Amino acid sequence: IGQSKPCLIDDYFSDIPSDYEIDKAEKYIDFIIKNKNDRKPNSNFGLEKSIIDRMRDKYSKVIFFAGVNDWQTGIYPLDGPYKLYQSPYYLGTYDCLRTLIKIAQEENYLIIFKPHPNTPQTQEIYHKNLLTLEFGSIWSLIESSDLVVSPLSTVLYHASIIGKPSLAMGKIPSIYIKGNHYINSDAVLRNCLLGKENISQTLSKDDVTKHIAILLSKYLCSYHDWSKPLHIRDQSDYVRTIFEDHE
């Protein structure tokens, strides 16, 4: 999300989608929800829910934290040209995780951490308020949690389209908020998690729908200069073919 055109160019989303484009986006979203589409599918659907259910009563809130590929997204290297576009305050996945654990310990939260599947787990962190699951369906983890948090993972979009509260710790497109585009202090993060202030980094379903509608109308968009266009990354071409057949 961070270094794509929507974050680099504030007026990229200045266009208002037509009713047709919104309707098209809603059909795509409904299709994704119905089929539980996942860019990184996992066959252990349901097992993680059973594990979380056994632990839930011990904690006041369950937070699903989705890690990102810090190198591929541009957060790493920290002195690289794209760090500020991705996560200006937090220094990647594990910096986010350590901050969340500190708050979780004080507030009796359980953090469910799923590392990005394309990223080796470079740091092993153990804590009574942390459960790391390298396996598991993101849909099951989303449904089993009270809140979904990530620097910038597309998991935030999955959560938003089914109405699950989601919180971005990194920079997000201006379509979602006005002014500051990222959480700039641990105090703001804490208040967001506690619900003591309006969660300005929450991705609402209406905004996600508008976001998707505009991306589709522009045939999606490129990441930074050395990256391939989004529409030929991962399984995106395959997903687009499915969507066209669905239409």
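Structure shown above.
Small disclaimer: the values here were computed from a predicted structure and weren't measured. (Residues numbered from 1 in each chain as written. Predicted model: local features only at pLDDT ≥ 70, side-chain atom pairs only at ≥ 80, totals over all residues. Heavy atoms only, no water.)

Draft legend 1. Spotlight on the sheet that holds strand E1 (residues 61-66). The five strands lie next to each other as E3-E2-E1-E4-E5, forming an open sheet whose pairing is parallel. Edge strands, defined here as strands with exactly one partner in the open sheet, are strand E3 (130-132) and strand E5 (166-168). Geometrically, the sheet is characterised by an average inter-axis angle of 25° between neighbouring strands, direction not taken into account. Strand contacts of helix H6 (residues 93-107): E1, strand E2 (109-114), E3 and strand E4 (147-150), with the helix running at about 160° to E2, the strand carrying the most contacts. Contacting E1, E2, E4 and E5, helix H9 (residues 186-194) crosses the sheet at an angle of about 175° to E5. (Pairing = 2+ DSSP bridges. Helix = DSSP H or I, 4+ residues; strand = E, 2+ residues; numbered from the N terminus. Axes fitted to C-alpha atoms, helices over the stretch in contact; angles between N-to-C directions. Contact = heavy atoms within 4.5 Å.)

Draft legend 2. Representation of the packing of helix H2 (residues 19-35) against helix H10 (residues 205-217). Where H2 meets H10, the axes come as close as 8 Å, and the angle between the chain directions of the two elements is 110°. The angle between H2 and H10 places the two elements in the roughly perpendicular class. Here Glu21, Ile22, Ala25, Glu26, Tyr28 and Ile29 of H2 lie close against H10, whose contacting residues are Lys205, Thr209, Lys210, Ile212, Ala213, Leu216 and Ser217. Counted by class, the contact of H2 with H10 contains seven nonpolar, two polar and four charged residues. (Parallel < 35°, antiparallel > 145°, perpendicular 65-115°, else oblique. Nonpolar A, V, L, I, M, F, W, Y, C, P; charged D, E, K, R; others polar.)

Draft legend 3. How the structure looks around the pattern of salt bridges. Taken as a whole and assessed by the stated rule, the structure comprises six salt bridges. For Glu143, the salt bridge is made with Lys36, and the minimal N-O distance between the two is 3.1 Å. Taken together, the residues span a long stretch of sequence, with Glu143 in helix H7 (residues 138-144) and Lys36 in the loop between H2 and helix H3 (47-55) at a distance of 107 residues. By relative accessible area, Glu143 is classed as partly exposed at 40%. Residues joined in a network through salt bridges with shared partners are Glu106, Glu107 and Arg190. (Salt bridge = Lys/Arg side-chain N within 4 Å of Asp/Glu carboxyl O. Buried < 20%, exposed > 50% of the residue type's maximum accessible area, 1.4 Å probe, protein only.)

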